[in-house]
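# Residue-level structural notes
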Amino acid sequence: MTLSELTYAVVKNVKYLEDAGFTYDAFLQGDYDADQDYSNSINNAIAPINEAIHRLSDRNKILYKIATLGVPNSALIDISQFARHIKKIKNVFYMNGSYYKKVGHREYGKEFIYVEVVMNYPLYVEYIEDIKSFKKEDIYNEEKDIDLYTLGITETMCSYIIEYAQGKLQEPIAPELANMHITRAEQYFEDLEEQQTSFNQEVVSRKYGIIR
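Figured I'd write up the structure that's included with this text. Every chain begins its residue count from 1, and numbering advances along the sequence as written. Reporting in this predicted model follows two pLDDT cut-offs: at least 70 for local features of residues, and 80 or more for side-chain atom pairs to be given and counted; totals over whole chains, interfaces and linings ignore these cut-offs and use all residues. Computation of side-chain values: all heavy atoms of the structure, hydrogens and water removed.

## Here we look at the sheet that holds strand β2 (residues 76-78)
One requirement defines pairing of two strands: DSSP has to find at least two bridges between them. For the purposes of this entry, the term helix denotes a DSSP run of H or I that reaches at least four residues, the term strand denotes a run of E that reaches at least two, and both are numbered from the N terminus. If you trace the 3 strands from one edge of the open sheet to the other, you get β2-β6-β5, paired in antiparallel fashion. Edge positions in the sheet fall to β2 and β5 (105-108), since each has one partner strand and no second. On average, each strand axis in the sheet is inclined to that of its neighbour by 30°, with strand direction left out of account. When β5 meets strand β6 (residues 112-115), the two strands line up antiparallel, connected through 4 bridges. Only the stretch in contact is used when fitting a helix axis, every axis being a line fitted to C-alpha atoms; angles between N-to-C directions are given from 0 to 180 degrees.

## As for the packing of helix α4 (residues 46-58) against helix α6 (residues 155-170)
Where α4 contacts α6, the axes come no closer than 9 Å and their chain directions differ by 130°. Classified by the angle their axes make, α4 and α6 are oblique. The chirality of how α4 crosses α6 is right-handed. Within the contact between the two elements, α4 uses Pro48, Ile49, Glu51, Ala52, Ile53, Arg55 and Leu56 and α6 uses Met157, Ile161, Tyr164, Ala165, Lys168 and Leu169. All amino acids are sorted into three groups, where Ala, Val, Leu, Ile, Met, Phe, Trp, Tyr, Cys and Pro are nonpolar, Asp, Glu, Lys and Arg are charged, and the leftover types, Gly among them, are polar. For the contact of α4 with α6, a count of residues per class yields 10 nonpolar, no polar and 3 charged. By definition in this entry, angles of less than 35 degrees are roughly parallel, angles greater than 145 are roughly antiparallel, angles of 65 to 115 are roughly perpendicular, and the rest are oblique. By convention, the crossing between two helices is left-handed when the near helix turns anticlockwise from the far helix through less than a right angle, and right-handed when the turn is clockwise. It only takes one pair of heavy atoms within 4.5 Å for two residues to be counted as in contact.

## What about the packing of aromatic side chains?
Note on ring pairs: Phe, Tyr and Trp rings are taken, using the six-membered ring of Trp, and paired if centres are within 6.5 Å. Classes follow the plane angle, with under 30 degrees stacked, over 60 edge-to-face and the rest tilted. One pass over the full model with this rule turns up 13 aromatic pairs. On the basis of an interplanar angle of 70° and a centroid distance of 5.8 Å, the ring pair of Tyr8 and Tyr24 is categorised as edge-to-face. Residue Tyr8 is located in helix α1 (residues 3-15), and its partner Tyr24 is located in helix α2 (residues 24-28); the two are separated by 16 residues in the primary sequence. Under the relative-accessibility criterion, Tyr8 is labelled buried at 14%. Here Phe93 and Tyr100 contribute two aromatic rings whose centre-to-centre distance is 6.3 Å and whose plane-to-plane angle is 75°, an arrangement assigned as edge-to-face. The residues Phe93 and Tyr100 share a single accessibility class, namely buried. Feature note: the residues Tyr8, Phe22, Tyr24, Phe27, Tyr32, Tyr38 and Tyr140 constitute an aromatic cluster, connected by ring pairs. Relative accessibility decides the category of a residue: with a 1.4 Å probe and only protein chains considered, values under 20% of the type maximum give buried, values over 50% give exposed, and everything between is partly exposed.

## Observations regarding α6
The span expected for a helix works out to 1.5 Å for each residue beyond the first. Across its 16 residues, α6 extends 23 Å between first and last C-alpha, which sits within 8% of the 22 Å expected from 1.5 Å per residue. Within α6, burial applies to Met157, Cys158, Ile161, Ile162, Glu163, Tyr164, Ala165, Gln166, Gly167, Leu169 and Gln170. Lining the buried residues of α6 we find α1, α3 (39-44), α4 and α7 (175-191).

## A few points about the sheet that holds strand β4 (residues 99-102)
In spatial order, the strands read β1-β7-β3-β4; together these 4 strands make up an open sheet with antiparallel pairing. Each of the sheet's edge strands pairs with one partner strand only, and the pair in question is β1 (65-70) and β4. Taken pair by pair, the neighbouring strands of this sheet meet at an average axis angle of 35°, ignoring direction. Two elements, β1 and strand β7 (residues 123-129), share 5 bridges in a ladder whose sense is antiparallel.

Here's what the structure looks like:
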């Protein structure tokens, strides 16, 4: 589902109007931006959508991202090209074909990491993406109106986001109904599987021992 399709679904669910003219195409063309029945929901739908996406991210419900850092030539690695996309690093590992080795690391600010072992293999970082906040204008721009699946947001998640955003938009006019939708959405979020790393260490090597 694209961002614009999600926003359209949120607005349509909030209004519950039997308006055959409120189609996805009419929404994209801005035909209802000045309509008093729709304008408030259209103008405010993006904020709760952003909030719902960020809540899913904070709860580790969205798939982790992986980026390659190339073959390192020192223990101090520059990750500045990825830094603004990284919320939290989950793993750093080397990979050679199907073999991988997880390595310990430390973060230096937001732009560097220090790895405990330097190997002549490509180094990868697995991380939680810091998903940007969308703007209303993005839904009218083909380049910015992204497929949310590319962010790891599934169709199932989109259904729950619609429920959450619907509740948030109804708060000023129907608080009890809004609370029902938000509570339901929060439970849906909780029921989603929490993401786990795909690169757990397979072999544990002894670092210290007792000399007899």
